[in-house]
Amino acid sequence: RISPGVVRSKSKARVVLDGNPQITQHLQPVLQALSNPFVTAFLSEDIELDLWRKYLFLCSFSAMNTLTEKPLENLLNDPYVKALWIGYMKEITSIAQSENVQLTEKDVEAAMSNAEKFPPGTTSSLFSDTQRKQKTEVELLQGHLARLAEKNGIAAPIARAIYALLRQKTAF
């Protein structure tokens, strides 16, 4: 974040719009407006699944990055941290399934494969906000996940531990 309401992205933006046939015709102008070299926009056949796929990576990476205070390549190159990260994503998959979203092991594998494509030095906005002692999205990301696990009777010990640690780390 550069300033309130201004974010600088170091990668190409990807915008996913709900491809529900009842609203698709109304989204065509938006899709056309977003078509440029800096944005990839498309209509989703299953917006709920696509949102959970994004949440799977965002929630897990931002947590691991913030707790370790290390960039992405460090997380990928440490077998213990990587195993914890994968375990966390598997719990997220179980929580998604308890919400009737068909996130699978293949989505975990795809998230890890995608992570390897990010440039060295990649960190999360949660990490940046924590370093600057600014308000974070922990309650919206990791907190929401922990509450869904509790609501649906999913054990999720990794998710609960990560949320508990992040609550303390981001309590300013």
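A brief look at the structure comes next. What you see is a predicted model, and the numbers here were worked out from it, not measured in a lab. (Residues numbered from 1 in each chain as written. Predicted model: local features only at pLDDT ≥ 70, side-chain atom pairs only at ≥ 80, totals over all residues. Heavy atoms only, no water.)

**Quick word on the nonpolar core**
Inclusion rule: For the purposes of this section, nonpolar cores are sets of buried Ala, Val, Leu, Ile, Met, Phe, Trp, Tyr and Cys residues that join through side-chain atoms within 4.5 Å. Partly exposed describes any residue whose relative accessible area lies between the buried limit of under 20% and the exposed limit of over 50%, with all areas from a 1.4 Å probe on protein chains only and scaled to the type maximum. Each helix is a run of DSSP H or I of at least 4 residues and each strand a run of E of at least 2, with the numbering of both proceeding from the N terminus. Contact criterion: two residues are considered in contact whenever any of their non-hydrogen atoms come within 4.5 Å of each other.
Residues Trp52, Trp85, Tyr88, Ile92 and Leu145 are the most contacted members of the largest nonpolar core, which totals 37 residues. Considering each element in turn, this core owes the most residues, 9 residues, to helix H2 (residues 47-68). The contact partners of leucine 145, leaving out residues within four places of it in the chain, are Trp52, Tyr55, Cys59, Tyr88, Ile92, Ile95 and Ala159.

**Considering unusual backbone geometry**
In this model, asparagine 100 sits at a positive phi of 65°, which is unusual for a non-glycine residue. Within the element layout of this structure, asparagine 100 appears in the loop between helix H4 (79-98) and helix H5 (105-115). Residue classification places asparagine 100 among the exposed positions, given a relative accessible area of 68%. A positive phi angle, near 45°, is found at alanine 156, a position not held by glycine.

**What about the pattern of salt bridges?**
Inclusion rule: Any carboxyl oxygen of Asp or Glu within 4 Å of a side-chain nitrogen of Lys or Arg constitutes a salt bridge here.
Taken as a whole and assessed by the stated rule, the structure comprises 9 salt bridges. Residue glutamate 99 pairs with lysine 151 through a salt bridge whose shortest N-O separation is 3.0 Å. Taken together, the residues span a long stretch of sequence, with glutamate 99 in the loop between H4 and H5 and lysine 151 in helix H7 (residues 139-151) at a distance of 52 residues. Take glutamate 99: its relative accessible area is 27%, and that puts it in the partly exposed class. Residue classification places lysine 151 among the exposed positions, given a relative accessible area of 58%.

**Description of the environment of tyrosine 55**
The topology assignment puts tyrosine 55 in helix H2. Relative accessible area serves as the criterion here: at 11%, tyrosine 55 is assigned to the buried category. Residues tyrosine 55 and leucine 126 lie 71 residues apart in sequence; the distance between their C-alpha atoms is 14 Å. Among all residues touching tyrosine 55, those that are not within four sequence positions of it are Ser60, Leu140, Leu141, His144 and Leu145.

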